[in-house]
Amino acid sequence: MPHASLLSPSIMTQASDIAARAIPPVWPLVSSVAVNPYLGQTTQTLAQVGARLGRVGGVPVTLPRAHYHALLQDGTITDADIAAALDAQRADDMPGLAEIRRCAGRPAKTPTPQPTIADLAAKHSGIDWPRILADRFGHWAAGYFDQGQALWAAPRRRGAYEAWRQNAIHDLTPEIAGLKGFARFVSETPDAADKARAGSARRLGLADKMLDTYLHQLLFSLGGWAQFARYHLWQAELAGRSDQTITDLLTIRLLWEESLFLQYQDQIADEWDAVKATHAQPVEADMDLKIDSILQEAWEHAVQRDLAQTFAAPETVPVQDRPFLQVAFCIDVRSEVFRRALEAVNPGIQTLGFAGFFGLTASHNGFASDVDERRLPVLLNPGVTATSKGENKGAEQTARLKARASRAWGRFKLAAVSSFAFVEATGPIYAGKLFKEALNISPKVAIDGPAPRFEPPLALDAQIDAAETILRAMSLTTGFGRLVVLAGHGANVVNNPFASSLQCGACGGYAGDVNARLLAGLLNLPEVRTGLAARGVAIPDDTLFLGGLHDTTTDAITLFSADHTCAAHDAVIRQAKDWFAQAGIVTRSERALRLPRADGGDTIDLRSRNWAETRPEWALAGCKAFVAAPRQRTVGKNLEGRAFLHDYDWKEDSSFGVLELIMTAPVVVASWISLQYYGSTVAPDVFGSGNKLLHNVTGGIGVVEGNGGTLRAGLPWQSVHEGETYAHDPLRLSVYIEAPRDAMIDILRRHDEVRALFDNRWLHLFALDENGQPAWRYAGGLEWSKSVEEVAQRGQKAEAVTA
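Every chain begins its residue count from 1, and numbering advances along the sequence as written. With the structure being a predicted model, the display of local features is reserved for residues of pLDDT at least 70 and the display and counting of side-chain atom pairs for 80 or more, all residues being used for whole-chain, interface and lining totals. Each side-chain value is derived from all of the structure's non-hydrogen atoms; neither hydrogens nor water enter the calculation.

*Asks:* Explain the environment of A66 to me, please; I cannot follow it from the model alone.
*Replies:* Turning to its location among the elements, A66 is positioned in helix 3 (residues 65-73). C-alpha of A66 to C-alpha of P107: the two residues are 41 residues apart in sequence and 7.1 Å apart in space. Segments assigned H or I by DSSP are reported as helices when at least four residues long, segments assigned E as strands when at least two residues long, and all are numbered from the N terminus.

Structure follows, in structure tokens:
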């Protein structure tokens, strides 16, 4: 093992950066979006990641063996599925099919993390140092990262490291708990974070080979605080800047280790040497992890067999006449149920699927607000700016004054002195509000505000370019109906810190109404239509575009018909509203079958206004597939609200630019959603945010369980579990695309990060043939294998073996 003195500052800096990028970001509650918790490990397989996360956090990456054993026993997973999973692993040291079946009936070894110095010190002293560390760090971090919740803002000074030092030298709690001279130790640390890290590494005897998993472990132990710091780095790099917050947090955590080591060195030295030796070893998956990954993949093959049967059902013959109504929904899985119900109402209705930001990467200021709402995918920077500030300055001023008064009242309630007498003095004032909200009779929040507009206005050429690009990406260049509704989606819930996670992920955790209304206004402009016609996209004069909003909690559709008044379309709009109402009834009835305590579709609306309801909707729980193909491939086929549906016609995409956009943006966003649900289900203690009933919002950015400690990231337990069984099956997403295989391979060849998702099977890729059937499976290494025929052959071989 190399001597620790050989650890150069450059190696420490590089290792710190690598550790920082192994942590996924988490967005603040106001605009929370789904994030892949394995974002820093997608270049490795599930089993390899299981070995790493087992070492740094004791994190499982699959469900317990009993789950897969039950699926084998009831015939859900077959021998053919196991054989297919074995073939996909492409490894020589895998056990045989019979051995895997036997192992499924035995519990796997529970992953045990390597102890940190804090763990070793706790073991020998009897003092719970990990808990004390989490409490003191969380107390400081909640103030440092606060976004307006605290009445008194904590000083930021010259960054997180310096701010922590100024706090820690006055914090007597560690010394009271038994860590002697902690304040003095902090005061004597170097002013520069990188020098402090390097000094700690030398005193702890760290060598370069140990740094990979040890530094990852230290950041991992900080939970959501490290993830929020990673968000700061993500946002800075998106804007072309840099940010040191997360490496500052690593420095702080490392200094805690050093301080504890100096006090307990005599008791823990030998054990610490053994821990360092383990960290210096390469991370390798053991046989238990490999078997678990095979069982997981076999389950996914079983689900893909069911999906193949769904695709094989006869297609509904599309109506050749001009559609009376066209509705473009977000690809969100919740739209699938409503689209299916709406199409069944009348054959003159056609639905489409497209990313819910509708191609407009807008930074938006709402009515009477100066907040910049980034209504676009978090992978992108804003391309346009928009505002909903109206011409009525008096109304806007009144709204601002009301907002200020509300904020002032809220601060008065929480102030140091007034808070003690507030409940007794003003409690009766709230009796009416309490009564109405308890009985769910409060008025609904109006969502129809001033129409948004581009500010500054786009030049005509830019308007035409944007309109053409978006319509071609939607595969909507001909066959326009008389009324085309662009339906973004959002959710209307109460008393829910995670409300933004129910909104549109493609809109950055906001509702999709602004983007839909902006695009509708753009496509209604006569001069834009003239420019589009010159480019081969002719929109009929009698076609009207309207923005809309699909409330996924109540399945009500709001049409913003006042944005574009047109007497000639009044009858069409009335008819559309009636059809939306009919489809909403069917959709709510179907959704009620999955929701606990939902007594039919009529009870759905009340759930959105019930302040005690922990499951107002299931959001994207159950997602398992992504389909990019013409709608005729899936129309009339029940995908159970578990598939992202993106309209795509490769024959209209001569350069495959739209295909590239789909594979590098919507597919990646869908993978983040799928894997967030996956991680929150298989490892809820680490990648989930815990129990909603225990949550306290802290700093306006996230939640903690109880009154402090580690910030929790991920989905609440109530979002993936219904109380008795899982509401979400943790499956890696299966992506089905109808396009030439060579075109998809070419895109994967040019995008290493996307290719890694498929090569390491965080996503499964299928190519649909000319009949819309999943005929080819991506096998990794830029190669394809026949999907249906090979599975059949494996099944015959497997049956022969077991016989």
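*Asks:* Where do I start with the nonpolar core in this structure?
*Replies:* Note on soluble globular proteins: their nonpolar side chains tend to be buried together. To form a nonpolar core, buried Ala, Val, Leu, Ile, Met, Phe, Trp, Tyr and Cys residues must be joined to one another through side-chain atoms within 4.5 Å. For every residue, the accessible area obtained with a 1.4 Å probe (protein chains only) is divided by the maximum for its type, and the residue is called buried under 20%, exposed over 50%, and partly exposed between those limits. Y38, W140, L486, F626, F644 and L765 are the most contacted members of the largest nonpolar core, which totals 204 residues. A total of 14 residues in this core trace back to one element, the largest contributor, which is helix 14 (residues 245-280). Sequence-distant contacts of F626, that is, excluding residues within four places in its chain, are made with I331, F644, H646, I662, P666, V667, A670, L733, S734, V735 and Y736. If you look at the next biggest cluster of nonpolar residues, it comprises 20 residues, including I349, L546, I557 and V572. Throughout, a residue-residue contact means that at least one pair of heavy atoms, one from each residue, lies within 4.5 Å.

*Asks:* When you look at the packing of aromatic side chains in this model, what are you seeing that I'm missing?
*Replies:* Between two aromatic rings, the relevant description is the distance of the centres plus the angle of the planes. Note on ring pairs: Phe, Tyr and Trp rings are taken, using the six-membered ring of Trp, and paired if centres are within 6.5 Å. Classes follow the plane angle, with under 30 degrees stacked, over 60 edge-to-face and the rest tilted. This model, assessed by the stated rule, comprises 27 aromatic pairs. A centroid spacing of 6.2 Å and a plane angle of 85 degrees characterise the contact between F220 and F687, whose relative ring orientation is edge-to-face. A residue pair is termed long-range when its members are at least 10 positions apart, and F220 in helix 12 (residues 208-220) and F687 in helix 27 (residues 684-687) qualify at 467 residues. On the basis of relative accessibility, which here comes to 7%, the residue F687 falls in the buried class. Every member of this aromatic cluster is reached through a ring pair, and the members are W27, F137, W140, Y144, F145, W225, F228, Y231, W234 and W672. Both a distance and an angle decide whether a charge sits over a ring: NZ of Lys or CZ of Arg must be within 6 Å of the ring centre and within 35 degrees of the ring normal. Here the guanidinium or amino end of R517 rests over the ring plane of F560, the centre of that ring lying 4.1 Å away.

*Asks:* Any chance you could explain the packing of helix 20 (residues 460-473) against helix 21 (residues 513-523) here in plain terms?
*Replies:* Each pair of packed helices gets described by two things: the angle between the helix axes and the distance between those axes. At a minimum axis separation of 10 Å, helix 20 and helix 21 run at an interaxial angle of 115 degrees. By the angle between their directions, the pair helix 20 and helix 21 is classed as roughly perpendicular. The way helix 20 lies across helix 21 gives a crossing that is left-handed. Contacts between helix 20 and helix 21 pair Q463, A466, A467, I470 and L471 from the former with L519, L522 and L523 from the latter. Each residue is assigned to one class: nonpolar for Ala, Val, Leu, Ile, Met, Phe, Trp, Tyr, Cys and Pro, charged for Asp, Glu, Lys and Arg, and polar for all the others, Gly among them. Here the contact of helix 20 with helix 21 is composed, by residue class, of 7 nonpolar, 1 polar and no charged. What counts as an axis is a line fitted to C-alpha atoms, over the stretch in contact for a helix, and the angles between N-to-C directions run from 0 to 180 degrees. For classification purposes, an angle smaller than 35 degrees is called roughly parallel, one larger than 145 roughly antiparallel, one from 65 to 115 roughly perpendicular, and anything else oblique. Put simply, a crossing is left-handed when the front helix is turned counterclockwise from the back one by less than a right angle, and right-handed when it is turned clockwise.

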